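A closer look at the structure
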Amino acid sequence: MRKLILILLCIFASSAIKANTIESWRLVHPEADIPGVYAAQALFFKGHIYLIGGFNASGSVPEVHRSTNGFTWEAVTKSASFGDLHFFTAEVFDDHMYLLGGCDSSPRAYVYRSANGADWELVTGNAAFGGRCLHASSTFGDGMVILGGYPPAYDVWYSEDG
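Computed from a predicted model, the values in this text were never measured in an experiment.

**With respect to the overall build of the chain**
Looking only at helices and strands, the chain features one helix and 13 strands. Traced from its N-terminal end to its C-terminal end, the chain shows the element sequence α-β-β-β-β-β-β-β-β-β-β-β-β-β. Out of the 162 residues belonging to the chain, those deemed buried represent 35%. The contacts in the chain between residues at least 6 apart in sequence include a share of 36% that link residues at least 24 apart. If you sum the accessible surface of the chain, you get close to 10000 Å²; carbon and sulfur atoms cover 57% of it.

Next comes the structure, spelled out in structure tokens:
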């Protein structure tokens with residue numbers, strides 16, 4: 001009987017949560033002053049939304065833009081030191097923004113970090129996770145995790161120090 005009550009409570013709680021989920025989006029700005037890119041990364045860091053890098057028909061876009069409201073944007077840099085790198089992931093960790101992996105002429109094992117979006121430090125050009133792009137990453141516990149990617153990888157890597 002206790003198991004049945006517990007199961008019913010779980011089903012009810014799950015249904016209540018789904019019923020109260022807000023699934024609405026609103027257009028903030030139809031033509032924001034940001035580059036037209038795909039495969040860019042976005043982070044929320046120190047009160048700003050950051051748009052980092054990306055790719056367009058001309059190639060990699062080594063730019064970083066930021067906004068406090070999604071409407072007004074400013075270019076932090078139009079020539080970030082990560083250069084032609086694209087298809088990387090980005091995370092906020094240890095009071096820095098991190099770029100992990102990515103491709104330029106080939107998949108890279110790069111780790112970059114920045115405390116302000118303008119100045120990017122190459123932490124390593126030879127991370128143990130190996131050259132990869134089109135992967136996934138996340139913060140987890142006291143570190144960052146990288147999963148999969150191209151060339152085909154089915155591995156998971158974890159770092160507490162970037």
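More follows now that the structure is in view.
**A closer look at the sheet that holds strand β5 (residues 64-67)**
One open sheet holds the four strands; their spatial order is β1-β2-β5-β6, and the pairing between them is antiparallel. Here the strands that pair on one side only, and so sit at the sheet edges, are β1 (41-45) and β6 (74-77). Mean inter-strand twist for the sheet, computed between neighbouring axes without regard to direction, equals 30°. As paired strands, β5 and β6 are joined by three bridges and run antiparallel to one another. Bridged to H65 within β6 is A75.

**A few points about the side chain of H96**
Structurally, the position occupied by H96 is in strand β8 (residues 96-100). A polar contact is formed between the side chain of H96 and the backbone oxygen of D94, at a distance of 2.9 Å. With residues up to four places along the chain from it excluded, the contact list for H96 reads F45, E91, R113, S114 and A115.

**Quick look at the pairing of strand β7 (residues 89-93)**
Burial of β7 is extensive: four of the five residues sit out of reach of the surface. Across five bridges, the pairing between β7 and β8 is antiparallel. Bridge assignment links F93 to a residue of β8, and that residue is H96. The turn linking β7 back onto β8 is made up of two residues, and D94 within it adopts a positive phi angle of 55°.

**Some thoughts on the side chain of S137**
Position of S137 relative to the elements: it lies in strand β11 (residues 136-140). According to the relative accessible area criterion, S137 is buried, its value standing at 17%. A polar atom in the side chain of S137 sits 2.8 Å from the side chain of T89. What S137 contacts, discounting residues up to four positions off in sequence, is T89, A90, E91, L100, V145, I146 and L147.

**Description of the nonpolar core**
Counting 15 residues, the largest nonpolar core has I52, V64, F82, M97, L99, Y112 and W120 as the members making the most contacts within it. Contributing elements (two or more residues each) for this core: β1, β2 (48-52) and β8. Contacts of W120, omitting those with residues within four sequence positions, involve I52, V64, A80, S81, F82, M97, L99, Y112, R113 and S114.

**Considering the environment of A80**
Residue placement: A80 occurs in the loop between β6 and β7. Between the C-alpha atom of A80 and that of E63, which follows or precedes it by 17 residues, the distance is 5.8 Å. Once residues lying within four places of it in the same chain are set aside, the contact partners of A80 are P62, V64 and W120.

**A short note on the packing of aromatic side chains**
Per the stated rule, a full pass over the model turns up nine aromatic pairs. Judged by centre distance (6.4 Å) and plane angle (70°), the rings of F82 and Y112 are edge-to-face. Taken together, the positions of F82 in the loop between β6 and β7 and Y112 in strand β9 (residues 111-114) put the pair 30 residues apart, joining distant regions of the chain. Here the two residues F82 and Y112 agree in accessibility, since each one is buried.

Cut-offs and rules
- Residues numbered from 1 in each chain as written.
- Predicted model: local features only at pLDDT ≥ 70, side-chain atom pairs only at ≥ 80, totals over all residues.
- Heavy atoms only, no water.
- Helix = DSSP H or I, 4+ residues; strand = E, 2+ residues; numbered from the N terminus.
- Buried < 20%, exposed > 50% of the residue type's maximum accessible area, 1.4 Å probe, protein only.
- Contact = heavy atoms within 4.5 Å.
- Areas by Shrake-Rupley, 256 points an atom, 1.4 Å probe, with all protein chains shown as cover.
- Pairing = 2+ DSSP bridges.
- Axes fitted to C-alpha atoms, helices over the stretch in contact; angles between N-to-C directions.
- Polar contact = N/O pair within 3.5 Å; in protein donor to acceptor, adjacent residues only side chain to side chain.
- Core = buried A, V, L, I, M, F, W, Y, C linked by side-chain atoms within 4.5 Å.
- Phe/Tyr/Trp six-rings, centres within 6.5 Å; stacked < 30°, edge-to-face > 60°.

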